[in-house]
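# Survey of secondary and tertiary structure
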Amino acid sequence: MENKKILIVEDDSFLRTLLQHHLDQEKLNAIYVTSGEEALLKIPTEMPDLILLDVLLPGKYSGLEVLEKIKADPATQQIPVMILSNLGQKKEVEKGLELGAKDYLVKAHFTLSDIMVHIKKILGGEVL
C-alpha cells in the first residue's frame with residue numbers, strides 16, 4: 001500500500017495538513033487542491049489511487065459535481081472517491097453514494113485514525 005497517491009480536495013487548511021501528516025506517516029503520497037476546478041484539472045494528470053473529496057468547496061463546482069464528472073469520464077471513473085464532509089444529512093449521504101462514492105464520512109463523527117482505517121480498506125480493495 002506504500003506510495004499510493006491520494007488526492008485531497010479540501011479547502012480547510014488545518015484539516016488538509018492533518019490528513020497530509022497522517023498519510024505521510026503511512027508512506028502514502030498526499031497531494032492536494034482546494035477547489036473543484038483544481039481537482040478536475042489535477043485528476044487526469046495525476047491519476048490518484050484515491051480521492052478524498054469535500055462537498056462544500058469554493059468556486060464553480062461542489063464536491064458532488066466533481067464526483068459526478070469523475071464518474072462520467074471513462075478515464076477516471078474507476079478511481080475510488082471517499083467523501084469527507086460536514087454535511088451529514090441523509091439526503092447528501094445518499095446522493096454521494098448514488099453518484100459513485102465508495103464511502104461518505106461526516107467529519108465530526110470520525111477521528112483521523114478512523115478515517116485512516118477507511119482509507120486503508122478502500123486502497124486494499126475491501127468492501128465497506
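Cut-offs and rules
- All residue numbers refer to positions counted from 1 along the written sequence of the respective chain.
- A pLDDT threshold of at least 70 governs which residues receive local features in this predicted model, and a stricter bar of 80 or more applies before side-chain atom pairs are shown or counted, although totals over entire chains, interfaces and linings include all residues.
- Excluding hydrogens and water, the side-chain values take into account all heavy atoms of the structure.
- Secondary structure follows DSSP: runs of H or I at least 4 residues long count as helices, runs of E at least 2 residues long count as strands, and numbering of each begins at the N terminus.
- Axis lines are fitted through C-alpha atoms, for helices just across the contact stretch, and the angle between N-to-C directions can take any value from 0 to 180 degrees.
- Here roughly perpendicular refers to angles of 65 to 115 degrees, roughly parallel to angles under 35, roughly antiparallel to angles over 145, and oblique to all remaining angles.
- Here a crossing is taken to be left-handed if its near helix is turned anticlockwise relative to the far helix by less than a right angle, and right-handed if that turn runs clockwise.
- By definition in these notes, contact holds between two residues if any of their heavy atoms fall within 4.5 Å.
- Side-chain classes follow a simple rule in which Ala, Val, Leu, Ile, Met, Phe, Trp, Tyr, Cys and Pro form the nonpolar group, Asp, Glu, Lys and Arg form the charged group, and the remainder, Gly included, forms the polar group.
- Only buried residues count toward a nonpolar core, which is a set of Ala, Val, Leu, Ile, Met, Phe, Trp, Tyr and Cys residues joined through side-chain atoms within 4.5 Å.
- Here the term buried applies to any residue with accessible area under 20% of the maximum for its type, exposed to any over 50%, and partly exposed to those in between, with areas from a 1.4 Å probe on protein chains only.
- Here is how to tell: hold the view so the strands point away, follow the path from the first strand over the helix to the second, and if it runs clockwise the crossover is right-handed.
- By the counting scheme adopted, Arg and Lys are positive, Glu and Asp are negative, and His together with the chain ends is not counted.
- In the sections that follow, a salt bridge refers to a side-chain nitrogen of Lys or Arg positioned within 4 Å of a carboxyl oxygen of Asp or Glu.
- Polar contacts here mean pairs of N or O atoms no more than 3.5 Å apart (in protein, one a potential hydrogen donor and the other a potential acceptor; neighbouring residues in sequence count only if both atoms are side-chain atoms).
- Each pair of strands is called paired provided DSSP finds at least two bridges between the two strands.

A word on unusual backbone geometry. Glycine aside, negative phi is the norm for most residues, and most peptide bonds take the trans geometry. Unusually for a residue other than glycine, Lys27 sits at a positive phi of about 60 degrees. The topology assignment puts Lys27 in the loop between α1 (13-25) and β2 (29-33). A positive phi angle, close to 45 degrees, is found at Met47, a residue other than glycine. Mapped onto the secondary structure, Met47 falls in the loop between α2 (36-46) and β3 (50-53).

Across the interface, α2 lies against helix α3 (residues 63-72) with an axial gap of 9 Å and an inter-helix angle of 20 degrees. As the angle between them shows, α2 and α3 are arranged roughly parallel. For the crossing formed where α2 meets α3, the hand is right-handed. Contact with α2, carried on its side by Gly36, Ala39, Leu40 and Ile43, involves Val66, Lys69 and Ile70 of α3 and no other residues of that element. Considered class by class, the residues forming the contact of α2 with α3 number 5 nonpolar, 1 polar and 1 charged.

For the rest of this paragraph, the subject is the nonpolar core. Counting residues in hydrophobic clusters, the biggest one holds 21 residues, and the most contacted among them are Val9, Ile43, Ile51, Leu53, Leu67 and Ile83. Elements supplying a minimum of two residues to this core: β1 (5-9), α2, β3, α3, β4 (81-85) and β5 (103-106). Top element by residues in this core is α3. It accounts for 4 residues. Counting 18 residues, the second largest nonpolar core, distinct from the first, contains Ile8, Ala30, Leu50 and Ile115.

Burial along β5 is two-sided: the residues Asp103 and Leu105 and Tyr104 and Val106 are all buried. The handedness of the β4 to β5 crossover, carried by helix α4 (residues 90-98), is right-handed.

A word on the side chain of Lys71. Within the secondary structure, Lys71 is located in helix α3. The side chain of Lys71 is buried and forms no salt bridge, while Asp73, the nearest opposite charge, is found at 11 Å. Reaching out from Lys71, the side chain makes a polar contact with the backbone oxygen of Gln77 at a distance of 2.9 Å. Those residues in contact with Lys71, other than ones at most four positions away along the chain, are Gln77, Gln78, Ile79, Pro80, Val81, Leu99 and Gly100.

Turning our attention to the environment of Asp103. Structurally, Asp103 can be placed in strand β5. In sequence terms Asp103 and Ile83 are 20 residues apart; their C-alpha atoms lie 6.2 Å from each other. At 2.4 Å, the side chain of Asp103 and the side chain of His118 are in polar contact.

Below, the discussion takes up the sheet that holds β2. Overall, parallel pairing links the 5 strands, which are arranged β2-β1-β3-β4-β5 in an open sheet. Unpaired on one side and paired on the other, β2 and β5 mark the two borders of the sheet. Pairs of neighbouring strands in the sheet enclose a mean axial angle of 20 degrees, with direction left out of account. Where β1 and β3 come together, 4 bridges link them in parallel fashion. Residue pairing in the sheet places Ile8 in a bridge with Leu52 of β3. Along the sheet, helix α5 (residues 112-123) makes contact with β1, β3, β4 and β5, crossing β4 at roughly 165 degrees.

Keep in mind these numbers describe shape, not what the thing actually does.
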